Every structure is written in structure tokens, then in C-alpha cells.
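# Working through the structure, step by step
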Amino acid sequence: MRTITVFLAIFLGTWFLSQAELAFVIPLNDTNSFALQLLKKTITLPVLISYSQCYYVYFWRNLDYRKAFVEQLGLWKVIHVKTSETPVTVARFKN
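Reading the values: the criteria
- Residues numbered from 1 in each chain as written.
- Predicted model: local features only at pLDDT ≥ 70, side-chain atom pairs only at ≥ 80, totals over all residues.
- Heavy atoms only, no water.
- Salt bridge = Lys/Arg side-chain N within 4 Å of Asp/Glu carboxyl O.
- Helix = DSSP H or I, 4+ residues; strand = E, 2+ residues; numbered from the N terminus.
- Buried < 20%, exposed > 50% of the residue type's maximum accessible area, 1.4 Å probe, protein only.
- Axes fitted to C-alpha atoms, helices over the stretch in contact; angles between N-to-C directions.
- Parallel < 35°, antiparallel > 145°, perpendicular 65-115°, else oblique.
- Left-handed = near helix turned anticlockwise from the far one by under 90°.
- Contact = heavy atoms within 4.5 Å.
- Expected span 1.5 Å × (residues − 1).

What follows deals with the pattern of salt bridges. Considering all chains together, one arrives at 1 salt bridge under this definition. Between Lys67 and Glu71 there is a salt bridge, and its shortest N-O distance comes to 3.4 Å. One end of the pair is Lys67 and the other is Glu71, both in helix H5 (residues 63-72) and 4 residues apart, which spans about a single turn. The buried category is assigned to Glu71, whose relative accessible area is 12%.

Structure, rendered in C-alpha cells:
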């Protein structure tokens, strides 16, 4: 499965979920129950998931990105990641 397919699947799934939640909340707008207020406040969660998926999908799908992310976070001593094709060299300079 290509990375773009994963992006598209997550986007479509979160879009459908937010639209379904919106279609459920609008007819019930007259009541002021706690559950309805909670639904109104969490209706943006699928949108936030859709917009923040890039880091997690790249970390999962691409070994080179995974190695770079692990090195940037300083976890390279804890998590050992092999790259897919060529070694990646990271130079660190102290100012």
C-alpha cells in the first residue's frame, strides 16, 4: 500500500465520521443535555486527526523518515532503525 493511499483513507474516514457526527448533532440542537454538549465539543476531533496524520504515517511507512525522526528526537540510542536503501548521515554543530 502506498503512502498516498494511507493519507487518502485516513482523510476520507475522518471526513465521513465528522459529517456523520454533524448530521446527528444538528437535529438534536434543541436539547441541552450533557451528551449533546460533549458531541458538539468533540466534533472537531476527526478533523484534527486528519490534519495531523502526516507525521505518524511517514513514521510508520518510510524507514528513512523514521530514522531521521528518531535521531531528531534524540532516541537513536534507545530505538535502532535500519534505513531502506542508503545510510543517512546527520551532522550536528554546536553554536
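What follows concerns the packing of helix H1 (residues 3-25) against helix H4 (residues 53-61). One can describe the packing of H1 onto H4 by two numbers: an axis separation of 10 Å at closest approach and a directional angle of 140°. The orientation of H1 with respect to H4, classified from their angle, is oblique. The two elements H1 and H4 meet at a crossing, and its hand is right-handed. Across the interface between the two elements, Thr3, Val6, Phe7, Ile10 and Phe11 from H1 touch Gln53, Cys54, Val57, Tyr58, Trp60 and Arg61 from H4.

A word on H1. Between the first and last C-alpha of H1 there are 33 Å, a value that for 23 residues agrees with the 33 Å anticipated at 1.5 Å per step. By the burial criterion, the buried members of H1 are Val6, Phe7, Thr14, Ser18, Glu21 and Val25. Check the buried side of H1 and you find it contacts helix H2 (34-41), helix H3 (45-51) and H4.

Structurally, Tyr51 can be placed in helix H3. Taking the C-alpha atoms as reference points, Tyr51 and Phe7, 44 residues apart in sequence, are found 10.0 Å from one another.

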